[in-house]
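Here is how the chains run, residue by residue.
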Amino acid sequence: MKVIVNAASGFMGLFDVGAQNLIGWVSTIVPKVLLLLILMNTIIALIGQDKINKFAKVCSGNVILAYGVLPFLSAFMLGNPMALSMGKFLPERMKPSYYASAAYHCHTNSGIFPHINAGELFIYTGIASGIQTLGLNEMDLAIRYLLVGLVMNFFAGWVTDFTTKIVMKQQGIELSNELK
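Not measured: the values here are computed from a predicted model.

## Some remarks on the side chain of threonine 108
- By secondary structure assignment, the location of threonine 108 is in helix 5 (residues 95-108).
- Apart from the residues lying within four places of it in its own chain, the contact partners of threonine 108 are Tyr145, Leu146, Gly149 and Asn153.

Okay, here's the thing in structure tokens:
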């Protein structure tokens, strides 16, 4: 009987932990994401949807802008996960590639710009403390991480372009290349 009681208590304990996580999210990340959504939509309304679409159209005409500049600016200005939402201004064919690049930018830029992905900062600070223990400058690490990230994140988007074309051909679908 004791085994059954312990199993039931452990099972209910999972829900207690889940509830605590949910409460933590409701009081931290959910309001932040909501406010960032409001901010992004306010900026779009102030600048104008047409101007945003024109900027996205300019970016969609050049892979360096689409997978290098736009995701970096989005990550810097909006942070994670809001940077991913800027892909809505690109044609359907470019959205998977933009997502690949922007998702990586939310990680590799956090060493020098911790506001981008504050939830993951503990990973960088753990690595940085090892660098400090060795007597090295942690800013050198952050800048190298950023520079390597700029190049590799662009390639992540560009390579995803090729894989998207392969999947489209395999599945017999065509994603639009038109900006709507």
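## Thoughts on the packing of aromatic side chains
- In the structure shown here, the tally under the stated rule is six aromatic pairs.
- Seen in terms of ring centroids, tryptophan 158 and phenylalanine 162 are 5.7 Å apart; in terms of plane orientation they differ by 55°. Their pairing is tilted. Of the two residues, tryptophan 158 and phenylalanine 162 both sit in helix 7 (residues 138-171), four residues apart, roughly one turn of that helix.
- Overall, the relative accessible area of 44% leaves phenylalanine 162 in the partly exposed class.
- Among the aromatic residues, those joined into a cluster by ring pairs are Phe154, Phe155, Trp158 and Phe162.

## Remarks on the packing of helix 5 against helix 7
- One can describe the packing of helix 5 onto helix 7 by two numbers: an axis separation of 7 Å at closest approach and a directional angle of 160°. Judged on the interaxial angle alone, helix 7 and helix 5 are roughly antiparallel. Note that helix 5 runs across helix 7; the crossing there is right-handed. Counted together, Pro96, Ser97, Ala100, Ser101, Tyr104, His105, His107 and Thr108 of helix 5 and Tyr145, Leu146, Gly149, Leu150, Asn153, Phe154, Ala156, Gly157, Thr160, Asp161 and Thr164 of helix 7 form the full contact between these two elements.
- A per-class count over the contact of helix 5 with helix 7 returns eight nonpolar, ten polar and one charged.

About the cut-offs
- Residues numbered from 1 in each chain as written.
- Predicted model: local features only at pLDDT ≥ 70, side-chain atom pairs only at ≥ 80, totals over all residues.
- Heavy atoms only, no water.
- Helix = DSSP H or I, 4+ residues; strand = E, 2+ residues; numbered from the N terminus.
- Contact = heavy atoms within 4.5 Å.
- Phe/Tyr/Trp six-rings, centres within 6.5 Å; stacked < 30°, edge-to-face > 60°.
- Buried < 20%, exposed > 50% of the residue type's maximum accessible area, 1.4 Å probe, protein only.
- Axes fitted to C-alpha atoms, helices over the stretch in contact; angles between N-to-C directions.
- Parallel < 35°, antiparallel > 145°, perpendicular 65-115°, else oblique.
- Left-handed = near helix turned anticlockwise from the far one by under 90°.
- Nonpolar A, V, L, I, M, F, W, Y, C, P; charged D, E, K, R; others polar.

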